[in-house]
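Structural characterization, general
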Amino acid sequence: MLLTNGRISTMDAAGSVVDTLVVRDGRVAFAGRRGDVNPPAGEPVVDLRGRAVLPGLVDGHAHLMHLARARLSLDATGQRSEEAVAARVAAAARAARPGDWLSGRGWDQNLWPGKAFPGKASLDRAAPRNPVALTRIDGHATWANSAALAAAGIERHTHDPSGGIIARDGRGEPTGLLIDTAQRLVHAVLPHPSEERFDQAVREAIAECLAKGLTGIHEMGADRWALAAYRRLIERGQFPFRNYAALALHSEAAWAEQRERGPEVVADGRLVVGAVKLWLDGALGSRGAALHSPYCDAPDSTGLLLVPPDELARVAAEAAGRGFQVCVHAIGDRANTLTLDAFERALPGHAPRDHRARVEHAQILTGGDVARFRALGVLPSMQATHCTSDMEWAEERLGADRLRFAYAWRSLLATGVVIAGGSDFPVEDANPFLGIYASVARRPRSGEDRGWQPEQRMTREEAVRSFTSWNAYAAFQERELGSLEPGKRADLVVLSDDVFTCPESRIKDIGPVLTMVGGDIVFRAEPAAP
Ligand SMILES: [Zn+2]
């Protein structure tokens, strides 16, 4: 296939822009000027009509299985009060049979009047005969009703699990709020959807990604159940996408199985199980992020460690020794210090020098830790839209001083590291152009203010690289993906506007008119497609 008459930003090292690509056998065979190629007669020709083309965008931190699960459950995203969410639950309960579980996700008490955490009473009124479990937007807290607490065996005498909190009222009764590892008590009894329903939901989630310009993701914490679904879909030819998956190390059983199999490449790279994901702390919104000093708005709390740092170092060394890339969730400054300490102790001698261990989020850093990423060969994996979502309330949690090295893209880039860019969907929207916009504008989607900590903004080239070539590097895939050069896979997007030349405020409105994965056209916008 010949694609010509475009403004094709190859994102090669030199940043070359060409007008013509030849795609053959799923790979780029030529990238250059139309006059320099003579395709055999009969090859299909796509006239790009001057449109901009980028390598396929890859989300460096995403949750495909959660996006699929979200399609099968109640969506509380953007609801403006506890009562509004409860009203949705009540409607779902009327349609359900007594005893059926009602699950959902997306609530965010920071959007509500008073910003207080919700409790079980409102859900008990909304759904007296159904267990209800609603995950917070960030995945780090679950709001349950009394029936769900009972099903999980949670009562006033239940101890907080290590790395978790069962929130309690003044009399010691669980309130219905479960933070970090305490959520697993409920998740363990929450029924799985059927394979058929889940597989269909995964296909729909992939279609959503392709329509937003993503050709792949790094799934930061896939469970065995989801990986099995992806394998089924790949076998049936129903997985037009690339997933570089990190196995979620929530359980010893999951790890024991994958440890024996080692890293895996399934079906020509559609699925690569190349990494493991560990969680050291929680999230800022639920005050689970582990801080060196107490929260400004909760002076008796410094957050949560989900695993002891020694255990983190032990598992990281073992996983790296088995050939897995190690990715650790760390949001708070204490969690980041401890993760870098663990990498420093665990990886030399166990991993190849080029281990590319990753800190997922790397959200709040001390000034002293900024330079350690480069020194240790560790990559920060960051989500620009978290910054623009959190900027309204992050200072309440952290105070002004600690914001200096929060979401500190420019400070990190200045040390010579590259940043893997992502969205953490479904925590944020999967649309990568919202992430690119947040990276360069550091403004919320709606806001026209001057932008937050503008000195930390990325350039447009850096922002695009964080979703293309830098993400390929962050997954050891720079020989296959990340730029449109001969020999690499033909994953690309033809776009509605040029991200490098359009007015800044328009970047967030860009979308694909055509998405190609491995030389196959997998999405076409109608009727604007070339
Ligand atoms: Zn995540």
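Above this text sits the structure in question.
So, here's what we can say about the structure. Treat the numbers as computed from the prediction; the structure is a model and nothing was measured.

Thresholds, definitions, all that
Here the residue numbers are simple positions, counted from 1 along each chain's written sequence. Thresholds applied to this predicted model are a pLDDT of at least 70 for local features of residues and 80 or more for the giving and counting of side-chain atom pairs; totals over whole chains, interfaces and linings are not thresholded and use all residues. In computing side-chain properties, one takes all heavy atoms of the structure into account and sets aside hydrogens as well as water. Helix and strand definitions here come from DSSP, where helices need a minimum of 4 consecutive H or I residues and strands a minimum of 2 consecutive E residues; each element is numbered from the N-terminal end. Each residue gets one of three labels from its accessible area relative to the maximum for its type: buried under 20%, exposed over 50%, partly exposed in between, using a 1.4 Å probe on protein chains only. A 1.4 Å probe and the Shrake-Rupley method give the accessible areas. Residues count as covered only by the protein chains that appear here. Pairing between two strands is assigned when DSSP locates at least 2 bridges connecting them. Helix axes use the C-alpha atoms of the stretch in contact, all axes being lines fitted to C-alpha atoms, and the angles between their N-to-C directions lie in the range 0 to 180 degrees. Comment on the angle field: the value is read as roughly parallel under 35 degrees, roughly antiparallel over 145, roughly perpendicular from 65 to 115, and oblique elsewhere. Crossing handedness is defined as follows: a turn of the near helix away from the far one that is anticlockwise and smaller than a right angle gives a left-handed crossing, while the clockwise case is right-handed. In this analysis, two residues are considered to be in contact whenever any of their non-hydrogen atoms come within 4.5 Å of each other. Within this analysis, the arc is defined by the directions that extend from the helix axis to the C-beta atoms. In these notes, a set of buried Ala, Val, Leu, Ile, Met, Phe, Trp, Tyr and Cys residues joined through side-chain atoms within 4.5 Å is what counts as a nonpolar core.

Helices and strands together make up the secondary structure of the chain, namely 18 helices and 25 strands. Expressed as lengths along the three principal axes of its C-alpha atoms, the size of the chain is roughly 80 × 55 × 50 Å. The buried share among the 530 residues of the chain stands at 60%. Roughly 20,300 Å² of accessible area belongs to the chain as shown, and the carbon and sulfur atoms make up 50% of that amount.

A word on the sheet that holds strand 13 (residues 164-168). Here we have 6 strands laid out as an open sheet, ordered 9-10-11-12-14-13, and mixed in their pairing. What marks the edges here is a single partner per strand, and that holds for strand 9 (74-75) and strand 13. Bridge count for strand 10 (residues 102-107) against strand 11 (residues 132-136) is 5 bridges, and the pairing is parallel. Bridge pairing in strand 11 places Arg105 opposite Thr135.

Axis separation between helix 1 (residues 64-71) and helix 6 (residues 195-211) bottoms out at 8 Å; the angle between their running directions is 110 degrees. Accordingly, the angle class assigned to the pair helix 1 and helix 6 is roughly perpendicular. Handedness of the helix 1/helix 6 crossing: right-handed. Counted together, Leu64, Met65, Leu67, Ala68, Arg69 and Arg71 of helix 1 and Phe198, Ala201, Val202, Glu204, Ala205, Ile206, Glu208 and Cys209 of helix 6 form the full contact between these two elements.

Taken as a whole, helix 8 (residues 252-261) has its buried residues at Ala254, Trp255, Gln258 and Arg259. End-on, the buried residues of helix 8 take up no more than an arc of 125 degrees, which puts them together on one face. Buried-residue contacts for helix 8 involve helix 7 (224-235), strand 16 (242-248), strand 17 (264-266), strand 18 (271-279) and helix 9 (309-321). Just past helix 8, the residue Gly262 takes up positive phi, approximately 75 degrees.

Before going further, it helps to spend a moment on the sheet that holds strand 1 (residues 2-4). Ordered by their spatial adjacency, 4 strands build an open sheet running 5-4-1-6, and the pairing between neighbours is mixed. Each edge of the sheet is formed by a strand with only one pairing partner; in this case those strands are strand 5 (27-32) and strand 6 (45-47). This sheet shows a mean twist of 20 degrees between the axes of neighbouring strands, independent of strand direction. As defined by bridge partners, strand 1 adjoins strand 6 across 3 bridges and the pair is classed as parallel. Bridging across to strand 6, Leu2 finds its partner in Val45.

Membership of the largest hydrophobic core comes to 113 residues, with the highest contact counts inside it found for Val202, Tyr230, Phe239, Leu284, Val326 and Phe373. Non-local contacts of Phe373, meaning those with residues more than four positions away in its chain, are made with Asn336, Leu340, Val359, Ala362, Leu365, Val378, Leu379, Pro380, Leu412 and Val417.

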